[in-house]
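Below are the chains, spelled out letter by letter.
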Amino acid sequence: MDGWTCANTADIGNVKYLFAVNDLILLCLHHMVNLIYCEEITENSPFINNTDNDKGNNYDGTNMALFEDEIEINPMVSSLLNKLANYTNLTQGAQEHEEADNDEGPKKKEVKSPQMGTFMGVYLPCLQNILGVILFLRLTWIVGTAGILESLAIVLLCCSCNCPFSHSSHSHDAPPHSLPAGGSYYMISRSLGPEFGGAVGLCFYLGTTFAGSMYILGTIEILLTYIVPKAAIFVAEKKEDEVNALLNNMRVYGTCCLALMSVVVFVGVKYVNKLALVFLACVILSILSIYAGVIKTIFEPPDFPVCMLGNRTLQNNNFDTCLKTKIIDNLTVTTKLWRLFCDGPELNATCNEYFVLNNVTEMQGIPGLTSKVISGWNTAFALEVFEGVCASAQDKYLPYVVNDITTFFTLLVGIYFPSVTGIMAGSNRSGDLRDAQKSIPIGTILAITTTSFIYVTCVILFGASIEGVLLRDKFGDSVKGNLVIGTLSWPSPWVIVIGSFFSCCGAGLQSLTGAPRLLQAIARDGIVPFLQVFGHGKANGEPTWALLLTAGICEIGILIASLDAVAPILSMFFLMCYLFVNLACALQTLLRTPNWRPRFKFYHWALSFLGMSLCLALMFICSWYYAIVAMAIATCIYKYIEYRGAEKEWGDGIRGLSLNAARYALIRLEEAPPHTKNWRPQLLVLLNVDSDQGVKHPRLLSLTTQLKAGKGLTIVGNVLEGTYLTKDTEARKAEQSAMSEERTKGFCHVVVSSNLRDGVSHLIQSAGLGGMKHNTILMAWPGTWRQANDPQSWKNFIETVRESTAAHHALLVAKNVDSFPTNLERLGEGTIDVWWVVHDGGMLMLLPFLLRQHKVWRKCKMRIFTVAQMDDNSIQMKKDLQMFLYHLRLNAEVEVVEMHDNDISAFTYEKTLVMEQRSQMLKQMQLSRTEREREIQSITDESRNSIRRKNQGAPSTTRSRSTSAAEDTQEDEVADTHKPVFTKLDLWLNQSNVRRMHTAVKLNEIVVNKSQGAQLVLLNMPGPPRNRGGDENYMEFLEVLLEGLNRVLLVRGGGREVITIYS
């Protein structure tokens, strides 16, 4: 039953009750509208994959009427589970390819669901990536150079980074369905955040790219050394030129091979995937032939003689018999070997001294398992013996088998480690797996176990079957240029040669296929802006531009031309990747992230830490300078992503770690209030925004940045009038726009309240958390308070002053804040003037020092003015203040200003009169217009008479005519300023207001006289009156005090000392 919502079929049976034709037509129209509505809902479904069966399958409006409003936004559980069950995995590029095929209509192919299991999807790919060039080309040399025990130590040390310690972490990160392109990069970035993810991802990309270089170099080495040596372009005429000739041949052929492989990858990855099974079969057959050859040595060892001169191995390329002389027809004749060490074929020719003193012997290179050759092994480095017996430097140019590099244990670790890489092959193919959570851990650990067994057994079998002199022969020169491991294989050495050649080719193609996709994944994430161009490719998603860059970087490794030199480079990058995979898993486990629910049963965070420690140790064991370079590259990438501001939120573990660290720090901060030495302004900035959510005074945020110089807490507070249910969207928008304009670092706190006064009060009380609460409030002076029709503008300001005092918060009020400098300006010569009238805990001393730490105010000098009364000793005050500043370690000029007790001027009385008249006008707005007009003249006359009586009754002083004239002019102005908007006033002025106004006028005269040209003036802010009836007078006092000054910062202390002489 479809229900009334979709078809209204329940009412179709009642059509017989609808007799009017119009009603029937309306019902049909209603039915059609509902059908169209249902189809629209299905087509606009928020799920990834929609099927045609979803159309018409909507929710039952009668059974779930209680949730009908929720259903419009959130799906029913049954529909959600149905969509998840029909979810289709899309591999890299498949989505773009599918979109490109949309125009074909019926020709569109359905995407098959993943069907690969553990064996084909994880085990064999990991096997193919782990077993490769090092096994076939370098493992015998490592065993011969280091010995069996040290070789086993190298193998076990490298394998221990992956199984079980390190890779238990990786197996843990198996995704529920598919791992998007990028493999390990995806896991690291989503676990450790975009900064770590981008840095390690690019390092992993570089490692994969240099791995391609290593495989290509291995391919060319096999080709030129063992398959077609005559194809070499550069041929050495002298033995000392052989190394350079080989490197040049590697560069030329390696570049050609790279170009060919790049073309194959560009044409289509499907060809690479089709050849993958062939390459894998070559690897497996080669390994089986090794074991078969070892077993055959028990019964019939192969015949590969090695010619020795004394204890030195000879290259068997230019002679056929291992003899100095031979007898032919009863005549002793010299051999080709004689001519290599002597200056002629004659028996009396001058020969090499070592050649003369030592005999030539021939020994079997592969005596077999039953020969007990393993008992004669020494774990010391064998080549050191050769170097110790060299008679002269010229001996190395004779046909001896010598090492082309100086070997030591850590170097061999770096060369061997790439043989255990490739463990990520399973996770990279997770999109093709039937059950990734099950297949990746099992398949990868089985692959590591298998390959570790192969490497360990190969080390033992090589040492037990092959003579050390042959094992140390890297290129097989002593066995006529045969691959050393090939001499052991059965039925023919060519099985290993051909198998290793195709194995290296396949591994190189896999690297050139995987590295561009890794780079494309990083570029598409957008965390590294300059790499975004590499996120584009062909219509089917193939990363064309990324392939081009990969080929360019790979060419750098080929130009190095030495497999032994490239191997440690990629070891660094892979080790760094494995290190951070371990760190990601350990971090998620220790933080107990709710979304971290591993399915693997045999995991513990200690294994991850152990694997991480081993990876870090191996990096420095392999090559400490390569390790430092790799870390420097990763650090530079990390800082670049951090500097550009990665706007990705992936729920990473670093954020969880930050939350835990913040929680721990906040709890510690709650234990005790901060000491005076640690006090710094933690600012709550009260901002106003306009109707478009634009900041009215953005320079207030600039001043915030300059005050804290990037340190301390900043909370930008904003109040929206209304209810939260109707203003929640505006509140979120205000939070985003409040701090973006000036790039202020801090937090934004938007409060929605029924009125502005309550909202500000809530901000002062609730902003911050625990020990990270504000201790200072910064706000702008309400410059239009006189013109405002609503008296709440200045009442809110005064209440904010009172609440900050009650909360023991310091208060900073910036007047003319729009004229303050921005963060990009640089003030030249100027002064920051501090007017220290009353002690406020040292705020007036500390603020200029903090400002001068910022580059905007750095060149400004600091001046401190203090006010002396009649009874004060000005000279002593100056000395004491200078000594105080010396102990505070503040550099400032000091000046003491004397403020004498002068008579109250008529100007002060008139200012007070105007203030009180305005106060009365604001208090009594209830009279009618007629009453107001009737009282205007009487109030004005009485006011003037009161001023004259006051002036006559006060202690008279001789006044100049100009002063009298100015007072008369001001009296006329007072009369003119009255407007017909006030009621009855007291005839006598409040004496307290007169005194306060007198102080404001006199202090303003002194400040303007001394600091009118200052870049900034800091001044003590008087407190509001205790009686709320005089609030409007308080605003007048402040206005008079600040008159004529440009940039002013009123400062009111929080009731505690904020600066101390102790460091």
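Residues numbered from 1 in each chain as written. Predicted model: local features only at pLDDT ≥ 70, side-chain atom pairs only at ≥ 80, totals over all residues. Heavy atoms only, no water.

An unreviewed UniProt entry lists the chain under the name Solute carrier family 12 member 7b, with Gasterosteus aculeatus aculeatus as the source organism. Per UniProt, the comment on the chain under Sequence similarities (unreviewed entry) is "Belongs to the SLC12A transporter family. K/Cl co-transporter subfamily." Taken directly from UniProt, the Catalytic activity (unreviewed entry) text for the chain runs: "K(+)(in) + chloride(in) = K(+)(out) + chloride(out)". (UniProt positions renumbered as here; feature names shortened; annotations may be inferred.)

A. Inspection of the overall build of the chain at higher detail. Looking only at helices and strands, one finds 37 helices and 15 strands in the chain. Burial analysis of the chain (1063 residues in total) assigns 49% to the buried set. Counting contacts in the chain only where the partners sit at least 6 residues apart, residues at least 24 apart contribute 80% of the total. Carbon together with sulfur atoms contributes 57% to the accessible area of the chain, which is approximately 52600 Å² in total. (Helix = DSSP H or I, 4+ residues; strand = E, 2+ residues; numbered from the N terminus. Buried < 20%, exposed > 50% of the residue type's maximum accessible area, 1.4 Å probe, protein only. Contact = heavy atoms within 4.5 Å. Areas by Shrake-Rupley, 256 points an atom, 1.4 Å probe, with all protein chains shown as cover.)

B. Representation of the pairing of strand β13 (residues 893–898). Here strand β12 (residues 861–868) pairs with β13 via six bridges, running parallel. Bridge pairing links Thr866 to Val896 in β13. Running through helix α32 (residues 874–888), the crossover from β12 to the neighbouring parallel element β13 is right-handed. (Pairing = 2+ DSSP bridges. Right-handed = clockwise from strand over helix to strand, strands pointing away.)

C. Inspection of a nonpolar patch on the surface at higher detail. Together, Leu616, Phe620, Trp624, Tyr625 and Ile628 make up a nonpolar patch on the protein surface, roughly 520 Å² of accessible area in all. Sorting the residues of the nonpolar patch by element identifies α24 (605–622) and α25 (624–644) as the ones contributing at least two each. Take the nonpolar patch: its biggest share by element is three residues, from α25. With a relative accessible area of 43%, Ile628 lands in the partly exposed category. (Patch = residues over 30% accessible without salt bridge, like charges linked within 9 Å, V, L, I, M, F, W, Y side chains within 5 Å. Salt bridge = Lys/Arg side-chain N within 4 Å of Asp/Glu carboxyl O.)

D. Quick look at the packing of helix α11 (residues 242–267) against helix α21 (residues 493–525). Running from amino to carboxyl end, α11 crosses α21 at an angle of 60°, the nearest separation of the two axes being 10 Å. By the angle between their directions, the pair α11 and α21 is classed as oblique. Handedness of the α11/α21 crossing: right-handed. Judged by residue contacts, Leu258, Met261, Ser262, Val264 and Val265 of α11 engage Cys505, Gly508, Leu509, Leu512 and Thr513 from α21. Looking at the contact of α11 with α21 residue by residue, the class counts come to seven nonpolar, three polar and no charged. (Axes fitted to C-alpha atoms, helices over the stretch in contact; angles between N-to-C directions. Parallel < 35°, antiparallel > 145°, perpendicular 65-115°, else oblique. Left-handed = near helix turned anticlockwise from the far one by under 90°. Nonpolar A, V, L, I, M, F, W, Y, C, P; charged D, E, K, R; others polar.)

E. How the structure looks around the state of the cysteines. As enumerated under the stated definition, the model contains two disulfides in all. Covalently, Cys307 is tied to Cys322 through a disulfide, its sulfur atoms 1.9 Å apart. With the S-S dihedral at roughly 80°, the linkage between Cys307 and Cys322 falls on the right-handed side. On the criterion of sequence distance, the pair formed by Cys307 in strand β1 (residues 305–309) and Cys322 in the loop between β2 (312–313) and β3 (325–328) is long-range, its members being 15 residues apart. Here Cys342 pairs with Cys351 through a disulfide, and the sulfurs are 1.7 Å apart. Residues Cys342 and Cys351 are joined through a disulfide that is right-handed, its torsion about the S-S bond being 105°. Per residue, the accessibility class of Cys342 equals that of Cys351, and both read buried. (Disulfide = S-S within 2.5 Å.)

F. Up close: the sheet that holds strand β6 (residues 683–687). Spatially, β8-β7-β6-β9-β10-β15-β14-β11-β12-β13 is the arrangement adopted by the ten strands of the open sheet, whose pairing is mixed. Taken across any chain shown, the strands that pair with only one partner, and hence form the sheet edges, are β8 (747–753) and β13. Across this sheet, the average inter-strand angle for adjacent strands is 20°, counted without regard to direction. Two elements, strand β11 (residues 831–836) and β12, share six bridges in a ladder whose sense is parallel. Its bridge partner lying in β12, Val834 is registered against Ile864. Helix α29 (residues 756–766) contacts β6, β7 (714–721), β8 and β9 (776–780) of the sheet and is inclined by roughly 140° relative to β8.

G. Highlighting unusual backbone geometry. Note the cis peptide between Trp490 and Pro491, where omega equals 15°. One can find Pro491 in the loop between α20 (484–488) and α21. We note that Ala561 has phi near 70°; this positive angle belongs to a residue other than glycine. When you line up the elements, Ala561 lands in the loop between α22 (544–560) and α23 (563–590).

H. How the structure looks around the pattern of salt bridges. Counting across every chain of the model gives nine salt bridges. Among the salt bridges present, the one from Asp564 reaches Lys474, with a minimum N-O distance of 2.6 Å. Of this pair, Asp564 sits in helix α23 while Lys474 sits in the loop between α19 (468–471) and α20, placing them 90 residues apart in sequence. Judged by relative accessible area, which is 5%, Asp564 ranks as buried. Each of Arg138, Glu221, Lys474 and Asp564 takes part in a single network of salt bridges with overlapping partners.

I. The packing of α23 against α24, seen in detail. Running from N to C, α23 and α24 cross one another at 160°; their axes reach a closest spacing of 8 Å. For the element pair α23 / α24, the angle class is roughly antiparallel. In this structure, α23 crosses over α24, and the sense of that crossing is left-handed. Along the contact surface, α23 presents Met572, Leu575, Met576, Tyr578, Leu579, Asn582, Leu583, Cys585, Ala586, Thr589 and Leu590, while α24 presents Trp605, Leu607, Ser608, Phe609, Gly611, Met612, Cys615, Leu616, Leu618, Met619 and Cys622. Tallied by class, residues from the contact of α23 with α24 come to 18 nonpolar, four polar and no charged.

J. Representation of the sheet that holds strand β5 (residues 360–364) in the model. Taking strand neighbours across the sheet as the criterion, the three strands line up as β2-β1-β5 in an open arrangement whose pairing is antiparallel. Each edge of the open sheet carries a strand with a single partner, namely β2 and β5. As paired strands, β1 and β5 are joined by five bridges and run antiparallel to one another. Counted as the bridge partner of Leu309 is Val360 from β5.

K. Broad picture of the environment of Trp857. Relative to the elements of secondary structure, Trp857 occurs in the loop between α31 (843–851) and β12. Residues Trp857 and Gln706 lie 151 residues apart in sequence; the distance between their C-alpha atoms is 8.3 Å. Excluding anything up to four places from it in sequence, Trp857 contacts Gln706, Pro821, Leu827, Ile832, Leu851, Arg852, Gln1015 and Leu1016.

L. Representation of the side chain of Arg802 within the structure. Tracing the chain through its elements places Arg802 in helix α30 (residues 792–806). Side chain to side chain, Arg802 and Glu799 meet in a polar contact 3.2 Å long. Leaving out residues up to four positions away in the same chain, Arg802 has contacts with Pro1024, Pro1025, Asn1027, Arg1028 and Asp1031. (Polar contact = N/O pair within 3.5 Å; in protein donor to acceptor, adjacent residues only side chain to side chain.)

M. The packing of aromatic side chains, seen in detail. Tallied over the entire structure, the rule returns 18 aromatic pairs. With a centroid separation of 5.5 Å and 80° between ring planes, the pair formed by Tyr416 and Tyr455 is classed as edge-to-face. With Tyr416 in helix α16 (residues 409–416) and Tyr455 in helix α18 (residues 436–465), this pair connects stretches of sequence that are 39 residues apart. Tyr455 matches Tyr416 in its accessibility class, with the two residues each being buried. Grouping aromatic residues by their ring pairs yields a cluster made of Trp338, Phe341, Tyr354, Phe355 and Tyr400. Note that Lys474 overlies the ring of Trp141, its terminal NZ or CZ placed 4.2 Å from the centroid. (Phe/Tyr/Trp six-rings, centres within 6.5 Å; stacked < 30°, edge-to-face > 60°. Lys NZ or Arg CZ within 6 Å of the ring centre and 35° of its normal.)

N. Examining the confidence of the model for the chain more closely. In this model, the chain carries an average pLDDT of 74, and 71% of its residues clear a pLDDT of 70 or more. Element-level pLDDT for the chain is lowest in helix α15 (residues 383–389), with a mean of 39, against a maximum mean of 92 in α22. Within the model, pLDDT remains below 50 along residues 83–111, and this stretch shows 38 contacts once partners closer than five positions in the same chain are excluded. Confidence drops under pLDDT 50 across residues 953–988; counting only partners more than four residues distant or on other chains, this segment forms 51 contacts. (pLDDT = per-residue confidence, 0-100.)

O. Structural view of the nonpolar core. Ranked by internal contacts, the top residues of the largest apolar core, which has 139 residues, are Met214, Tyr416 and Phe462. The element best represented in this core is helix α10 (residues 184–227), accounting for 18 residues. Of all hydrophobic cores here, the second largest spans 46 residues; its members include Val719, Met997, Val1001 and Leu1042. (Core = buried A, V, L, I, M, F, W, Y, C linked by side-chain atoms within 4.5 Å.)

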